[in-house]
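# Breakdown of the fold
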Amino acid sequence: MNKPHDARQDARRLDLLRLADDAAALDGHWPLTDLPRLTSDAAPAGDGQVHWRVEGERRAVAGAAADPMLQLQARAAVRLTCQRCLQPVDEALVVARSFRFVADEAEAERLDEDVDDEDVLALPPRGRLDLLPLVEDELILAVPLVPRHETCPEPLPLPEDTLEAPAEEHPFAALAALKQPKP
Ligand SMILES: [Zn+2]
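Predicted model only: the values in this text are computed from it and were never measured.

### A few points about the overall build of the protein
Of the regular secondary structure elements, the protein holds 5 helices and 8 strands. Reading the secondary structure of the protein in the N-to-C direction produces β-α-β-α-β-β-β-β-α-β-β-α-α. When each of the 183 residues of the protein is scored for burial, the buried share is 20%. The long-range fraction of contacts in the protein, counting pairs at least 24 apart against all pairs at least 6 apart in sequence, stands at 54%.

### Quick notes on the nonpolar core
Counting 26 residues, the largest nonpolar core has Leu-16, Val-50, Ala-76, Val-135 and Leu-139 as the members making the most contacts within it. Where this core is concerned, the elements lending two or more residues are α1 (16-21), β2 (25-31), β4 (49-60), β5 (66-81), β6 (88-102) and α4 (131-142). Among residues more than four places away in sequence, those in contact with Val-135 are Val-50, Trp-52, Leu-72 and Ala-74.

### So, unusual backbone geometry
Backbone geometry places Ala-23, a non-glycine residue, at a positive phi of 45°. Within the secondary structure, Ala-23 sits in the loop between α1 and β2. A tally of 15 C-beta atoms within 10 Å means that Ala-23 is categorised as partly exposed.

### Concerning the pairing of β5
Taken together, the 2 bridges between strand β3 (residues 43-44) and β5 define a ladder with antiparallel strand orientation. Along β5, the bridge assignment pairs Ala-43 with Arg-79. In this sheet, β5 lies alongside β4 in antiparallel orientation, the contact comprising 10 bridges. In the sheet register, Glu-55 faces β5, and the bridge partner there is Gln-71. The antiparallel hairpin formed by β5 and β6 contains 6 residues in its connecting segment, where Leu-86 sits at a positive phi of about 65°.

### Looking at the environment of Val-135
Looking at the secondary structure, you find Val-135 in helix α4. Residue class for Val-135 comes out buried when judged on the 24 C-beta atoms lying within 10 Å of it. Between the alpha carbons of Val-135 and Arg-53 there is a distance of 10.0 Å; along the sequence they are 82 residues apart.

### Examining α4
The terminal C-alpha atoms of α4 lie 17 Å apart, and with 12 residues this matches the ideal 16 Å at 1.5 Å per residue to within 8%. Within the span of α4, buried status applies to Leu-131, Leu-134, Val-135, Glu-136, Glu-138 and Leu-139. Elements that come into contact with the buried residues of α4 comprise β1 (14-15), α2 (36-39), β4, β5, β6 and β8 (128-129).

### A closer look at the pairing of β4
Here β2 pairs with β4 via 7 bridges, running antiparallel. In the strand pairing of β4, Trp-30 is matched with Val-50.

### Focus on the environment of Asp-137
Position of Asp-137 among the secondary structure elements: in helix α4. The exposure class assigned to Asp-137 is partly exposed, which follows from the 16 C-beta atoms found within 10 Å. Distance from Asp-137 to Leu-35, taken between C-alpha atoms, is 9.4 Å for residues 102 residues apart in sequence.

Thresholds, definitions, all that
- Residues numbered from 1 in each chain as written.
- Predicted model: local features only at pLDDT ≥ 70, side-chain atom pairs only at ≥ 80, totals over all residues.
- Helix = DSSP H or I, 4+ residues; strand = E, 2+ residues; numbered from the N terminus.
- Buried ≥ 20, exposed ≤ 12 C-beta atoms within 10 Å, placed from the backbone.
- Contact = placed C-beta atoms within 7 Å.
- Core = buried A, V, L, I, M, F, W, Y, C linked by C-beta atoms within 7 Å.
- Pairing = 2+ DSSP bridges.
- Expected span 1.5 Å × (residues − 1).

Below you can see the structure in the form of structure tokens.
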């Protein structure tokens, strides 16, 4: 969908109501070092940035007001430790999430239980949202619990009991040596 791009907006105090009323989009990127809760456990990888995009809209649900909605997409890469070979592994974090903003916390809690595919949040004061902690929360949730290479770069050390005994000398090797012409 081609949404109007609202370049006037500041993502650190996003005007949710305006973004929703205009059905506008906004995108940008931040260095991952600005997300210390994420990078304390997961070092920045790739280009070291989180690339994000938000789209606003108002969507009515049956029997409820047309609440402001925010679609968030974000991607970043972090360096974790492979749980199979214990070497570093770069994992792509991909976020695609919908948020519905309602009048207050009580309504958010009530509605959040009913809705599976979106998060319901209370509208922040004056409808101004700091997007950065929201993006950081979602990236943290996207970190794999068991990071692993698809194919580990090093051969895995074999458990000791499967190690083969050194190959025995071939029985004819000594004979062959005897047959070598003497220099
Ligand atoms: Zn590995």
